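Coordinate analysis (summary)
Residues per chain are reported as follows:
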Amino acid sequence: MRSSWRLGAIILMALTGTPLLGQQRTVAGIVVDDQGRPMPKVEIQVVGTAIGTVSAEDGRFLLTGLPGTDVTLQARLMGYRAAGGTFRVGARDVRLIMSIAPMILNEVVVTGTATGTQTRALGNVIAKVDVADALSVQTAPGIETLLSATVAGLVVPSTPGNVGTGSNIRIRGSSSMTLGSNPLVYLDGIRVDNTQSEGLAGGMRGGAVSRLNDLNPNDFDKVEVIKGPAAATLFGTEATAGVIVITSKTGETGKTLWDVDLTQGATVLMDAVSRWPSVYDKSTTPCPGCVLLPGGIRELNVLQADIQNGYGLPWVNGHDQSAYVSAHGGSPLVRYYGSAEVDRTEGYVPWNWQDKKTLRLNLNITPRENIAVASSMGFVSQTTQFDSPGPFPAEIGSSIYWGTPAAELTRSHGWNWMTPAALATMQGKEGLDRFFGSISLRNTPRSWFTQSLKVGTDIGDATPSRMIPRSPLGSSDYFGPLNLGHIEVATNLTTNFNLDYGATAIANVRGGFVLETSGGAQFLDNAVHSWGATGDQFPAPGPGTVSSAAIKTGSEDFLENKAYGIYGQEQLGWNDRRFLTVGLRGDENSAFGSNVKFIMYPKVSASWVLNEESFWKLPAVNQFKLRVAWGEAGRQPSVIEAARLYAPFTAAADQAGLRPSAVGNPNLKPEVGVETEVGFDASVWQDRLGIKFTYYDKKTKDAIVQKSVPASSGFGGTEAVNVGLISNAGMELELNSRVLEV
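Now for a description of the structure that goes with this document. (Residues numbered from 1 in each chain as written. Predicted model: local features only at pLDDT ≥ 70, side-chain atom pairs only at ≥ 80, totals over all residues. Heavy atoms only, no water.)

Another aspect to go through is the overall build of the protein chain. The secondary structure content of the protein chain amounts to eight helices and 39 strands. With the C-alpha coordinates of the protein chain rotated into their principal frame, the extents come out at 95 × 75 × 65 Å. Relative to its full complement of 742 residues, the protein chain shows a buried share of 50%. In the protein chain, 67% of the contacts between residues at least 6 apart in sequence involve partners at least 24 apart. A total accessible area of about 33,300 Å² is found for the protein chain, and carbon and sulfur atoms account for 58% of it. The distance from the centre of the 61 positive side-chain charges to the centre of the 68 negative ones in the protein chain is 6 Å. (Helix = DSSP H or I, 4+ residues; strand = E, 2+ residues; numbered from the N terminus. Buried < 20%, exposed > 50% of the residue type's maximum accessible area, 1.4 Å probe, protein only. Contact = heavy atoms within 4.5 Å. Areas by Shrake-Rupley, 256 points an atom, 1.4 Å probe, with all protein chains shown as cover. Lys, Arg positive; Asp, Glu negative; His and termini not counted. Charge placed at Lys NZ, Arg CZ, Asp CG, Glu CD.)

Encoded structure:
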């Protein structure tokens, strides 16, 4: 009974902020800007320990359980110079003053090591995005839109505007001929699914589904973009196209604070009639809406004719609405952040919409001065109905462009392959339930040694479907034989498991030299289990199911990819302004050919903070850093590309048999990206203007292409081989200005 009382008291004190007896050794204070205004959400860390917190809305913070008699604090916030100092344990009036700057050399960014790296030591550029700031000046329905407007060198190609679809991200151009160019994505330390899929046989004319857009930007604190092989070496195979690292929000010490955001909007297709060109012919069939031109040519505006003939336009003003609520706060022992959002997005046709619900809960626990535990959990549930969910020609645009005046008085009233009314009968949907979960342990047993362990998973259950009802006209209707009734249903269960260990040791040696040694290992397991059924020929006009169809087929696939890697890195710093870094990553991957073993990726980089040298005589240039980097990273082949495969079939007398399917390639290696980048970072005019310039030269060697297989091999089709070369080179210029302070 007494033990239960003690346990309850400990839990109560942890949640209410009451300090435990062992945590009476405290430091308290406030973080303000250079105008004296309180600054919330500033990260305050006790140097050499795992103890840290985040300032509350009034800028105040409390650190407990501190060791020794004096502690060194460091406060960081994106876009501001770090502040800190050494303070007496027990102090209650600490005041940390932060000043805004377009470039901060002491910011810590993610580089693949256990502790990250200060910007001043980097030989390459890493883009950082403060999500709250970015969302305050733009509306971003997804993370793709957010990044495309804020990161130099990152391009998101335009999409058809189909709600629920997205596009692939390209960083510094295309990185592969056959494997795509999407970067890796990490969320709170775990790798998450970033695939792009059309989900159904034959694809969708309305675009592809991007799993990156399942994530809710309102839950993010910051995003860091590692742009190429020179910077992404330590992430190993599959990092040649870059890496996007997302960090979600955390709570701060203090009372619970609530944020509520209600949003209303509209999706409007402006100037629809004038958006598409007229169509022409020289036919003599009746066309009341045509304009006769010289030479017997007739002009028809298909949309204008639809309005005159009473069909109207297919487009509507979609209603977008969302409700978002979050709660954050905590005690020195436990900090928390939780959120929920309900979102409804409607497209510019009535049959295109998405209903989405998201939940998130993040906990940060500091049980001891040298141990910090962080857990992150998120859940997404959404249902999407797509526009143009079928293969060509199931879309509106092409039927307008290729319309014909001769058909104005027919059932297609000038449209080519199909009318909007016919397209509306096709139902293409996707349901999704997705869970993200991770837990990380950070341990600082000595002030010079830090280690971290991260484990997490990303599980997605997607259920795409497509249905075409049986038409009274049967196969003579717009979709041909499919108008006898057709349905496809599938389930794609994707599981990603991630285990990551890293350690960093720092040694101060003579002459102002500092050695920072890092090493670690990673294990990844990705599995995709897909199964589905198809039904054709419904018994009566209208919608149907697989079970009601006359012809039924089924399918099932299972693909699994496992990989492990190790890395080591040595960074030498001299007087905290000259840095040299060398590193090496080694990977083994189940997608490699059987004759290919461990693959190694080296890197080397250097940086020099010139403005801190005694010879610097340019007062208008407040900060100036030169940097250069060279490195390699890989991209693995498709999971079964290297394997020799045989396909099952029904042999004579209904016996099961196998026949050659894919010849495979036991020598198939990963594609290897090799990149050199040089540039500088500068701030001028009292840090009012920040400049980042980078020139990069990136090549992908051993690029995988398909070559024909000789018939004499007994196999047909193609074979994947490493013979390609892709070259990209370019320049990036990024300007950040502080024009006005109020």
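This next bit is on the state of the cysteines. In the structure shown here, the tally under the stated rule is one disulfide. With a sulfur-sulfur separation of 1.9 Å, Cys-287 is cross-linked through a disulfide to Cys-290. When the S-S torsion is 75 degrees, as for the bridge of Cys-287 with Cys-290, the disulfide is right-handed. Cys-290 sits in the buried class, given a relative accessible area of 18%. (Disulfide = S-S within 2.5 Å.)

With that settled, the discussion passes to the packing of aromatic side chains. In total, this model carries 11 aromatic pairs according to the counting rule given. Clustering of aromatic rings is evident, with ring pairs tying together Trp-616, Phe-624, Phe-680 and Phe-693. Here the guanidinium or amino end of Arg-578 rests over the ring plane of Trp-574, the centre of that ring lying 4.2 Å away. (Phe/Tyr/Trp six-rings, centres within 6.5 Å; stacked < 30°, edge-to-face > 60°. Lys NZ or Arg CZ within 6 Å of the ring centre and 35° of its normal.)

As a further point, take a nonpolar patch on the surface. Residues Leu-441, Leu-453, Phe-497, Leu-499, Tyr-501, Phe-523, Tyr-564, Ile-566, Leu-584, Phe-598 and Met-600 make up a contiguous nonpolar surface patch of about 920 Å² in total accessible area. For the nonpolar patch, the secondary structure elements donating two or more residues are strand 29 (486-508) and strand 31 (551-574). Here the element with the most residues in the nonpolar patch is strand 29; it accounts for three residues. Checked against the element boundaries, Tyr-564 lands in strand 31. (Patch = residues over 30% accessible without salt bridge, like charges linked within 9 Å, V, L, I, M, F, W, Y side chains within 5 Å. Salt bridge = Lys/Arg side-chain N within 4 Å of Asp/Glu carboxyl O.)

To continue, consider the pattern of salt bridges. One pass over the structure, following the stated rule, counts 30 salt bridges. One salt bridge in this structure joins Arg-360 and Asp-188, with 3.7 Å as the shortest N-O distance. Taken together, the residues Arg-360 in strand 25 (residues 353-368) and Asp-188 in the loop between strand 13 (184-187) and strand 14 (190-191) connect sequence positions 172 residues apart. By the burial criterion, Arg-360 is buried, and Asp-188 matches it. Across the pair Asp-214 and Arg-434 runs a salt bridge whose closest N-O atoms are separated by 2.9 Å. Pair noted here: Asp-214 is in the loop between strand 16 (209-210) and strand 17 (220-226) and Arg-434 is in strand 27 (residues 427-446), with a separation of 220 residues, a long-range link. For Asp-214, a relative accessible area of 1% translates into the label buried. The network of salt bridges with common partners includes Arg-172, Lys-227, Lys-625, Arg-627, Glu-675, Glu-677, Asp-681 and Glu-732.

This part is about the pairing of strand 2 (residues 43-46). The two faces of strand 2 differ: Ile-44 and Val-46 on one face are buried, but Glu-43 and Gln-45 on the other face are not. Across three bridges, strand 2 lies against strand 3 (residues 52-54) in antiparallel orientation. Paired with Glu-43 across the bridge in strand 3 is Val-54. If you look at the hairpin formed by strand 2 and strand 3, you'll find five residues sitting between the two strands, and Gly-48 has a positive phi there, around 85 degrees. (Pairing = 2+ DSSP bridges.)

Moving on: unusual backbone geometry. A positive phi angle, close to 30 degrees, is found at His-413, a residue other than glycine. By secondary structure assignment, the location of His-413 is in the loop between helix 7 (396-401) and helix 8 (420-424). Its identity is not glycine, yet Asp-654 carries a phi of approximately 55 degrees, on the positive side. Tracing the chain through its elements places Asp-654 in the loop between strand 35 (645-650) and strand 36 (656-662). Using a relative accessible area of 68% as the deciding quantity, one classes Asp-654 as exposed.

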